[in-house]
Amino acid sequence: QVQLVESGGGLVQAGGSLRLSCVASTTIFSRNAMAWYRQSPGKQRELVAAITSGGGITNYADSVKGRFTISRDNAKNTVYLQMNSLKPEDTAVYYCNLGRYSGTYYPLNYWGQGTQVTVSS
């Protein structure tokens, strides 16, 4: 069984920062790539950032590049998303995902419950 539990969302002003966390309840966490997705009302879920199993390679959506940082601590079965210089367009529900990486990220059907991020102007 795989469970992903997210935390760290909230309400911040534009220009502020948040750090999201996702804890995975699986003994094979370290073998998998991980990613963060987000979804706003009326829009499709989009990939925000991905990281390989060992943390050696990261990829970001163009809209967040230079502002967001994905990282992981395999000893804690946890993946993080540090979000700086937040903009109102970053407002969304953010989801943690477990997947694979083969040049590009491939999501598996393991998702967290989502955590709301709201950025006010």
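Structure: see above.
In this text the structure is predicted, and so the values were computed from the model without any measurement. (Residues numbered from 1 in each chain as written. Predicted model: local features only at pLDDT ≥ 70, side-chain atom pairs only at ≥ 80, totals over all residues. Heavy atoms only, no water.)

Caption draft 1: Up close: the pattern of salt bridges. For the structure on display, the rule yields 4 salt bridges. Close ionic contact of arginine 38 with aspartate 90 constitutes a salt bridge, the shortest N to O distance being 3.0 Å. Note that arginine 38 is positioned in strand E4 (residues 33–39) and aspartate 90 in the loop between strand E8 (78–83) and strand E9 (92–101), a separation of 52 residues in sequence. Taken together, the salt bridges that share partners define one network made up of Arg38, Glu46, Arg67 and Asp90. (Salt bridge = Lys/Arg side-chain N within 4 Å of Asp/Glu carboxyl O. Helix = DSSP H or I, 4+ residues; strand = E, 2+ residues; numbered from the N terminus.)

Caption draft 2: Here's a closer look at the pairing of E4. The buried fraction of E4 amounts to 6 of the 7 residues, a majority that puts the element mostly inside the structure. In terms of strand pairing, E4 meets E9 through 7 bridges, oriented antiparallel. By the bridge assignment for E9, arginine 38 is matched with tyrosine 94. Here E4 pairs with strand E5 (residues 46–51) via 5 bridges, running antiparallel. Residue pairing in the sheet places methionine 34 in a bridge with isoleucine 51 of E5. In this antiparallel pair of consecutive strands, E4 and E5, the connection spans 6 residues, and glycine 42 shows a positive phi of 80°. (Buried < 20%, exposed > 50% of the residue type's maximum accessible area, 1.4 Å probe, protein only. Pairing = 2+ DSSP bridges.)

Caption draft 3: Looking closely at the state of the cysteines. Enumeration over the complete set of coordinates arrives at 1 disulfide. Two residues, cysteine 22 and cysteine 96, share a disulfide whose sulfurs are 2.2 Å apart. Across the S-S bond linking cysteine 22 and cysteine 96, the dihedral sits near -85°, which makes this disulfide left-handed. Taken together, the residues span a long stretch of sequence, with cysteine 22 in strand E3 (residues 18–24) and cysteine 96 in strand E9 at a distance of 74 residues. The two residues cysteine 22 and cysteine 96 agree in class, both being buried. (Disulfide = S-S within 2.5 Å.)

Caption draft 4: Inspection of the nonpolar core at higher detail. Within the largest apolar cluster, 26 residues are counted, with the highest numbers of intra-cluster contacts made by Met34, Trp36, Phe68, Val79, Leu81, Met83 and Tyr94. For this core, the secondary-structure elements that each account for two or more residues are E3, E4, E5, strand E7 (68–73), E8, E9 and strand E11 (115–120). Apart from the residues lying within four places of it in its own chain, the contact partners of methionine 83 are Gly16, Ser17, Leu18, Leu20, Arg67, Phe68, Tyr94 and Val117. Ala33, Ala35, Ala50 and Tyr105 belong to the second largest nonpolar core, which has 5 residues in total. (Core = buried A, V, L, I, M, F, W, Y, C linked by side-chain atoms within 4.5 Å. Contact = heavy atoms within 4.5 Å.)

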